[in-house]
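Per-entry structural report
Letter by letter, the chains look like this.
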Amino acid sequence: MFDQILHPQFHFSLETGLLLVILVALEAVLSADNAIALAAIAQGLKSPEEQRHALNIGLIAAYLLRITLIFTATWVIDFWQVELLGAFYLLWLTFRYFTSSEDEDGHERNLEFSSLWQAIPMIAVTDLAFSLDSITTAIAVADDIWLIIIGGTIGVITLRFLAGLFIRWLDEFTHLEDAGFVTVGFVGARLLLKAVLPSLIVPEWLMISLIFGMFVWGFSKRNPDFVPPSHQNEKQSLEV
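Residues numbered from 1 in each chain as written. Predicted model: local features only at pLDDT ≥ 70, side-chain atom pairs only at ≥ 80, totals over all residues. Heavy atoms only, no water.

Time to look at the nonpolar core. Counting 55 residues, the largest nonpolar core has Leu 90 and Phe 166 as the members making the most contacts within it. Mapped onto this core, the elements with two or more residues apiece are α2 (14-42), α3 (48-71), α5 (80-98), α6 (116-141), α7 (145-172), α8 (176-196) and α9 (204-218). In contact with Leu 90, not counting residues within four places along its chain, are Ala 129, Phe 130, Val 184, Val 187, Gly 188 and Leu 191. (Core = buried A, V, L, I, M, F, W, Y, C linked by side-chain atoms within 4.5 Å. Buried < 20%, exposed > 50% of the residue type's maximum accessible area, 1.4 Å probe, protein only. Helix = DSSP H or I, 4+ residues; strand = E, 2+ residues; numbered from the N terminus. Contact = heavy atoms within 4.5 Å.)

The structure is reproduced here in structure tokens:
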């Protein structure tokens, strides 16, 4: 691992390109539930400007943590306690969400923050907990550490884009936030099983199928009270 860092060897070939595509696709698939969790955390801040700042700064910190995790992945894999901590964190996050207070209509749960700097560490740590699964999977797919870093970099950029979309979609679709945190619980339970019972391997197709099913449910119902931002601007201009 450290020899690759000190003496990197770049081999640009068809195989390298295909591996990069696989890593990016893997990041995109495994990042959908992560993006919902990060969007929900950012949505705990009141203003859109604070939400953008929290995602931008939080994901910069998350990226640095990802790079650190990539460089220490071979060491982390040997310590099941790290995955256990990640599992407990994701399960705690799911528990906190489903036990938090509902709004006045009784159908929406929110993680609320009084300060931007309360949300930023949670965004970074949440991404790190998700990365324990995706990065160890990437290590198994590719041996070239720089290829994994490139894939992880593109993955973080994709995650920022997805999280920005999900902040809007969480208001538009009634079940999406609940579905997202159920999938967070799935990932936490998978990490827990991986740490406690490493011989019991949850098939990747099963996880993807469960997550896909939850997303279908999440997008199944629109919020009848949702007003698109463009219509809100038109309404405000008319009122003025």
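According to the stated counting rule, one finds 4 salt bridges in the structure shown. Note that Arg 168 is salt-bridged to Glu 172, the shortest N-O span being 3.0 Å. In this pair, Arg 168 and Glu 172 are both assigned in helix α7, 4 residues apart and thus about one turn of the helix distant. We classify Arg 168 as partly exposed; its relative accessible area is 36%. A residue is classified by how much of its surface remains accessible, and Glu 172, at 9% relative accessible area, is buried. Between Glu 172 and Arg 222 there is a salt bridge; the shortest N-O distance is 2.1 Å. Of this pair, Glu 172 sits in helix α7 while Arg 222 sits in the loop between α9 and α10 (229-239), placing them 50 residues apart in sequence. Its relative accessible area of 53% is what places Arg 222 among the exposed residues. (Salt bridge = Lys/Arg side-chain N within 4 Å of Asp/Glu carboxyl O.)

Turning our attention to a nonpolar patch on the surface. Together, Leu 193, Val 196, Leu 197 and Leu 200 make up an exposed nonpolar region whose accessible area comes to about 330 Å². The topology assignment puts Leu 193 in helix α8. (Patch = residues over 30% accessible without salt bridge, like charges linked within 9 Å, V, L, I, M, F, W, Y side chains within 5 Å. Areas by Shrake-Rupley, 256 points an atom, 1.4 Å probe, with all protein chains shown as cover.)

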